[in-house]
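Descriptive analysis of the structure
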Amino acid sequence: MTKTAIHVDHIARVEGHGNVHVVIEDGAVKTVEMNVVEPARLFESMVRGRSWREVSYISSRICGICSASHVVTDLKAIERIFGVQVTPRTRALRELLVYGSYLQNHATHLFVLAAPDFVGQKSVFPLAESDPALFEGALGLKALGNELCTAVGGRSIHPITAVVGGFTHEIGAGEYRALADKMDSFAAFAAAAVDLFAGFPVPRIATSGDLLAMVEPDYYPVECSDTARFLDAGIEFDANDVEAHLEEYAVPHSAALLARVRETGSPFFTGALARINASWQHLGQNAKVAAAKAGLRPPERNPFMNNVAQAVELVDALDRCAGICRALAEPGAVEGSSEPVDFEVRAGRGVGFTEAPRGALFHDLELDAEGRVVHASIMTPTAQNVANLEADMRLLAEQLVADGSDEDEVRLEIEKLVRAYDPCLSCSVH
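In this report, the structure presented in the accompanying data block is examined. (Residues numbered from 1 in each chain as written. Predicted model: local features only at pLDDT ≥ 70, side-chain atom pairs only at ≥ 80, totals over all residues. Heavy atoms only, no water.)

What follows concerns the pairing of strand β2 (residues 18-25). Burial analysis of β2 places seven of its eight residues in the buried class, which makes it a mostly covered element. Strand direction decides the pairing type here: β2 and strand β3 (residues 28-36), joined by eight bridges, are antiparallel. Bridging from a neighbouring strand, isoleucine 24 pairs with valine 29 of β3. In this structure, the hairpin formed by β2 and β3 is closed by a connection of two residues, where aspartate 26 is found at a positive phi of approximately 50°. (Buried < 20%, exposed > 50% of the residue type's maximum accessible area, 1.4 Å probe, protein only. Helix = DSSP H or I, 4+ residues; strand = E, 2+ residues; numbered from the N terminus. Pairing = 2+ DSSP bridges.)

Another point: the pattern of salt bridges. Taken as a whole, this structure holds 27 salt bridges when the rule is applied. A salt bridge links glutamate 170 to arginine 89; the nearest nitrogen and oxygen atoms lie 2.7 Å apart. Residue glutamate 170 is located in the loop between β5 (166-167) and α7 (173-185), and its partner arginine 89 is located in helix α4 (residues 88-114); the two are separated by 81 residues in the primary sequence. Residue glutamate 170 is classed as partly exposed on the basis of its relative accessible area of 22%. In this structure, arginine 229 and glutamate 236 form a salt bridge, with 2.5 Å as the shortest nitrogen-oxygen distance. Exposure remark for arginine 229: the relative accessible area of 29% places this residue in the partly exposed category. Salt bridges sharing partners connect three or more residues here, namely Arg13, Asp117, Glu415 and Arg419. (Salt bridge = Lys/Arg side-chain N within 4 Å of Asp/Glu carboxyl O.)

As far as function goes, none of this settles anything; it's purely spatial.
The structure is reproduced here in structure tokens:
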């Protein structure tokens, strides 16, 4: 018997700490594991007993990139409990805040974490010399995301102006127009990024797992809906019913909880690729053209194409945010005020749901009559994705072994696959 064990300890260029373990015996793949080795971070315990006023500020600390998404998701959960209906203007500002984190995350993931895989480098820094325009454009796009989050949320991470029912501060019309102009200035760079990542050769595999995304009949949604859909199973559900359809479970080799579709037992993928499969028809015109040119059309099931999907979302986010900013700058163009609406504190349970940059994010909160947290459960995108990532790693390893790839090539391609998922391993333990 011949046995090969492939170990990747502390996989590089991902957020958090994780190891890959693959065992091949007599040409057959026997074991494939994604070992998340982060300790429990206990955010759900931290918010227990806390007032509704504090919860979003605490939970935003789960992630330095997705902090805006955690804030908005918590606020949506609390508002469902209190029966709060926010104005269209508040919705628009929350969308800008979430998209600010898309610009931050996608620019970082694509150019700093993923791109070195395809240009023969171990990090992004050699690009500063070999392709300074790409390097500067990537940093500029990330900085624009920081600027947008600061303008809307009060600072670039862990927003402070978004509260239950509205916002405590809003910038002026001139600042909105200046932001819109900056969005436009990066449009050409974002379109070129789609072409760049579409041109990188990747293995042709198709995930056998389901896809999960937020859906809305006439829009590309990131925060405006409470409806999720498993695309393959055809199961559509309200976020308040998430536990009836999404099952979390523990495994011995990982500190992260894994997830599967309760009705089918299938793992699933959530993220940019799932969103584009669910809502391709609602992309803006420039993004749709870029996606079609890159060959990204539903049904696209290759997880490596998540990189291209994120690049397409950059094009869409820039156009969408420019339009929202210009509308907010015009008096009366967006209905209502962003000032917090009146409400009464009451007991109850509610689930907030947004599309964080890395995928579907659910915050399940139960409050008592004084508005203090009795129970909290936070289901992050990476926690939902780990089971499907393991299944795709096995699929890829089997294909590579069948093709006669050597150990180094199997290791490299599996690392690329892990990074294509854009995991936040620190966020996956809860």
